[in-house]
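A structural walkthrough
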Amino acid sequence: MCVRPGPRSLSFYKSGVGRRNTVIVRACSWSRKTVGVLSSLHQDPDVTMAMSRVHMLKFVELALTVICVALHYHSNEGRSFEFYEFMITCAAFGGYLVILIGVLVGIFTSTPINKRIDIFYSLVGCALFIAAGSFVIEHYDHYPKGKTRDTGLSKGAMAIINGVVFFVDALLSFRGE
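Residues numbered from 1 in each chain as written. Predicted model: local features only at pLDDT ≥ 70, side-chain atom pairs only at ≥ 80, totals over all residues. Heavy atoms only, no water.

1. Describing the packing of aromatic side chains
Going through the model one piece at a time under the given rule, you end up with seven aromatic pairs. Centre to centre, the rings of Tyr 96 and Phe 129 are 6.0 Å apart; their planes meet at 70°, and the pair counts as edge-to-face. Separated by 33 residues along the polypeptide, Tyr 96 in helix 2 (residues 83–108) and Phe 129 in helix 3 (residues 115–140) bring together distant segments of the chain. Here Tyr 96 and Phe 129 have matching classes, each one buried. Aromatic side chains Phe 120 and Tyr 121 sit 6.1 Å apart centroid to centroid with 45° between the ring planes, which places their arrangement in the tilted category. (Phe/Tyr/Trp six-rings, centres within 6.5 Å; stacked < 30°, edge-to-face > 60°. Helix = DSSP H or I, 4+ residues; strand = E, 2+ residues; numbered from the N terminus. Buried < 20%, exposed > 50% of the residue type's maximum accessible area, 1.4 Å probe, protein only.)

Listed below in structure tokens is the structure:
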């Protein structure tokens, strides 16, 4: 096996990493054909995916959001919210379901979002979920005791808990963890 760096070496920049990696083309003198490509990738935290506390919080946020969507589905029995309450609740639950799935796909494909955008999404999610949770609790607080009231109040509590988790996520992202 003969490896000849030099004129047969190629350089490129790995997308999102910013560090230079070298690809060495291996060729054997007896065949003069390219046998394969050997890449000297560095063992960076950017290249290898390591699970951090912030990534685990993303999973918790997604799980709580899915729970909120399921409780939202089971707690509506035809009585209408005010329009602004309905819009904030749907934006928080449905919108952040899509956003969190996209963020987790980015984490799995080793292309996470920018730190500032992550902090922005977390702070807006905190505000939306706390607002939606308080609207939902206020709405279902006047219902007669029963399954619908319990489901609605638990939906509001889960939304407020998710808002707190979003705030903790924003703090950890700001600190750089």
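2. Brief notes about the pattern of salt bridges
All told, the structure shown has four salt bridges when counted by the stated rule. A salt bridge links Glu 61 to Lys 58; its shortest N-O distance comes to 3.8 Å. Taken together, the positions of Glu 61 and Lys 58, both in helix 1 (residues 53–75) and three residues apart, correspond to about one turn of that helix. Judged by relative accessible area, Glu 61 falls into the buried class, the value being 0%. The partner of Asp 118 in a salt bridge is Lys 58, with the nearest N and O atoms 2.6 Å apart. Remark: Lys 58 occurs in helix 1 and Asp 118 occurs in helix 3; sequence separation between them is 60 residues. (Salt bridge = Lys/Arg side-chain N within 4 Å of Asp/Glu carboxyl O.)

3. Digging into the packing of helix 3 against helix 4 (residues 147–175)
For any two helices packed against each other, the geometry comes down to the angle between their axes and how far apart the axes lie. At a minimum axis separation of 7 Å, helix 3 and helix 4 run at an interaxial angle of 160°. Regarding the angle of helix 3 to helix 4, the classification is roughly antiparallel. Of the two elements, helix 3 crosses helix 4, and the hand of that crossing is left-handed. A per-class count over the contact of helix 3 with helix 4 returns 17 nonpolar, ten polar and five charged. (Axes fitted to C-alpha atoms, helices over the stretch in contact; angles between N-to-C directions. Parallel < 35°, antiparallel > 145°, perpendicular 65-115°, else oblique. Left-handed = near helix turned anticlockwise from the far one by under 90°. Nonpolar A, V, L, I, M, F, W, Y, C, P; charged D, E, K, R; others polar.)

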